[in-house]
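# Working through the structure, step by step
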Number of protein chains: 2
Amino acid sequence: MSQKVTIATVAEYAQVSRQTVSNVINTPEIVRPETRERVRAAIATLGYRANQAARQMRTGRSRLLAVRIEPAGDGINGSVADRFLHGLTDAAGAAGYRVMLYTAVDDNDEIATYDDLLGAYDLDAFVLTGTGHGDPRTSWLAGRDVPFVTFGRPWDTPDLHPWVDVDGADGVAQATRRLIATGHRRIGFIGWPAGSAVGDDRRSGWESTLTEVGLDPRGLARETHDGIAEGEATARELLDLDDPPTALVCVSDSLALGALRAYPDPAGSLAVIGFDDTPVAAAMGLTSVSQPLREAAAGCVDLMVGVLDRAPVPPAPLLLRPSLVLRQTA
Amino acid sequence: MSQKVTIATVAEYAQVSRQTVSNVINTPEIVRPETRERVRAAIATLGYRANQAARQMRTGRSRLLAVRIEPAGDGINGSVADRFLHGLTDAAGAAGYRVMLYTAVDDNDEIATYDDLLGAYDLDAFVLTGTGHGDPRTSWLAGRDVPFVTFGRPWDTPDLHPWVDVDGADGVAQATRRLIATGHRRIGFIGWPAGSAVGDDRRSGWESTLTEVGLDPRGLARETHDGIAEGEATARELLDLDDPPTALVCVSDSLALGALRAYPDPAGSLAVIGFDDTPVAAAMGLTSVSQPLREAAAGCVDLMVGVLDRAPVPPAPLLLRPSLVLRQTA
DNA sequence: TTGTAGGCGTTATCAA
DNA sequence: TTGATAACGCCTACAA
């Protein structure tokens, strides 16, 4: 590696003072165009890059944001996190920020990590994913004025902080309408146990859509934990009804894949739609609701930059609309 | 947030000089035990955390390592990257390092990013994944003495840098032996086009195992690009042979899932084994070769710490053994 | 418009 | 064993 290029190297090369170089970088408009160009040429020639550590010491800003990487879990829905992360890294990079990763086993552990990260690296902001009811993390961060954005609505205390989310109810409504449009009248729903904010929201999209068009949702919803086996068992329950559904909307792809297994005839007429458009769904031909994760990540970065760079006007939240990816199962 | 706690705050609180506090942190053995404890108590009480930016300015080390996050791709195999990343973040954290993410569209873009990252953040090391033949990235990094570790063998120039890898040939051999043990004699292989280092390695495990036990591999291997549809078509080809295989080993889960589709009877007797133990495999009951990604990530961190902290003795590479996860398909 | 001085928090050097 | 001093690279304030 060539010798370290500092602002002094550039200054010398361009025959100006260090301060002028700094000005060219930070407030170019106050430098005479002629000088500015000379300095810029020097920067390019020497391959100068401002040292973030030194800059951070002066400005207190690290241009670093942190996001938690979660264990794959059942894995099927894990790819959501992966795609979000990639989008976030891209968008952050475009805005001049870098993404730092951390892991945590639970909320308390995560809060301890905030403390660490903040103390050691002076992180500019955090991006939280998967907020739930009464999230202790948001109150901790808000309590210390640490900038953060959540991917996921603040379900209890709306608008205390910037957030981006995908309208799950709308996604499920799209799925339901698709089934109605293709002739189904008995449309069931397999959801997560009541109390999960995301799950309840998605279910509401099914219920309201049926009600709107005059169909009766009663008796056609079931709750279960996530998983293939659970989806299969629950779908069987519904199919065993006296007047069974001919189509199922599921709150996740895992449950949807299970539901597909419940119907013995592979060419059968049970329509199934999942949620998240995971790779498995694509592989299996499962119609599914797709979240615009790239846009969501970009939105998080926009909001964050808004909070960090601009006036203290809390940026407006962003609720994105998912889309339905049609495949073979509906 | 309470006032910023610096080394000076601690020094004052513990009635010592800043330097003594620094010594307690970095070279505790040279500080009198009595003083040491007093300083440690002060650190704990005040919640002091060394500022990395300042430390970096002095030492030139950032305790940061960078890894590329790749787009999900076909997604099925994407979860491999995800699990590796999680393990890496965990292991790095335990060793006092943090992981920074970056994206790149190709090798040149990635090299440009190295330059950026090195200049701006003084990264301590890079972790590269998925090395191929004649990888330009490794030569660039090696050329500037930037420490790095690869997850993936240097296929051309062995041992020029530390690496961790999983023995793909062994994994496929395990799969092949399993099929032989369960009575199969005609065992086919669906691989990637020759020339991909990883793919060729895996195929060799199949070929050598068959040969060892006196079975004939000839005519039973096919090459195709990755994908469900490709797997299905290729499997059909093999099943259409005069003397078709009764079992297939596939170089990836995607191909294996496709192969499963080729056999019309769901309860059929075509045994199939995939590679990577992706969530989809788990969901579909596909027997698959599982890479010890957590261990691989930990190994990368170990090697990196070795390079950074210790004598310039190049650490020994680490070749891990995968395991076969038995499910319904074999 | 450009240059000079000082300090951000830390650690290496050297003196006490 | 402990403490004073300087320096890492940058930016802000102020002076020229």
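Worth saying up front: this structure is predicted, and the values here are computed from it rather than measured.

## Considering the protein's contact with DNA strand C
In the vicinity of DNA strand C lie 27 residues, with T35(A), R58(A), I7(B), Q19(B) and Y48(B) positioned nearest. Each atom of DNA strand C within 4 Å of the protein belongs either to a base or to sugar and phosphate, the latter forming 59%. Contact between DNA strand C and R58(B): a sugar or linking oxygen at 2.7 Å from a side-chain N or O atom of the residue. Where the surface near DNA strand C is concerned, the elements lending two or more residues are α2 (18-26) and α4 (52-59) of chain A together with α2 (18-26) and α4 (52-59) of chain B. In terms of residue count, the dominant contributor to the surface near DNA strand C is α4(B) (five residues). Classifying every residue of the surface near DNA strand C gives nine nonpolar, ten polar and eight charged.

## A closer look at the domain arrangement of chain A
Each domain of chain A was delimited in the assignment, giving domain 1 (7-56), domain 2 (64-165 + 293-318) and domain 3 (168-290). Computed over C-alpha atoms, the centres of domain 1 of chain A and domain 3 of chain A are 60 Å apart.

## What to know about the packing of aromatic side chains
Using the criterion set out here, one finds twelve aromatic pairs over all chains in the structure. Look at F84(B) and F151(B): their rings are 4.6 Å apart centre to centre, the planes differ by 10 degrees, and that puts the pair in the stacked class. Pair noted here: F84(B) is in helix α5 (residues 78-94) and F151(B) is in strand β4 (residues 148-151), with a separation of 67 residues, a long-range link. The class for F151(B) is buried, based on a relative accessible area of 10%. An aromatic cluster of at least three residues, connected via ring pairs, comprises Y102(A), Y114(A), F126(A) and W140(A). One Lys or Arg, R63(B), reaches over the ring of Y97(B) and ends 4.6 Å from the middle of that ring. The ring of F275(B) has R202(B) sitting right over it, with the charged end atom 3.6 Å from the ring centre.

Rules of the game
- Residues numbered from 1 in each chain as written.
- Chains lettered and ligands numbered in written order.
- Predicted model: local features only at pLDDT ≥ 70, side-chain atom pairs only at ≥ 80, totals over all residues.
- Heavy atoms only, no water.
- Near = heavy atom within 4 Å.
- Polar contact = N/O pair within 3.5 Å; in protein donor to acceptor, adjacent residues only side chain to side chain.
- Helix = DSSP H or I, 4+ residues; strand = E, 2+ residues; numbered from the N terminus.
- Nonpolar A, V, L, I, M, F, W, Y, C, P; charged D, E, K, R; others polar.
- Domains from an automatic or database assignment.
- Phe/Tyr/Trp six-rings, centres within 6.5 Å; stacked < 30°, edge-to-face > 60°.
- Buried < 20%, exposed > 50% of the residue type's maximum accessible area, 1.4 Å probe, protein only.
- Lys NZ or Arg CZ within 6 Å of the ring centre and 35° of its normal.

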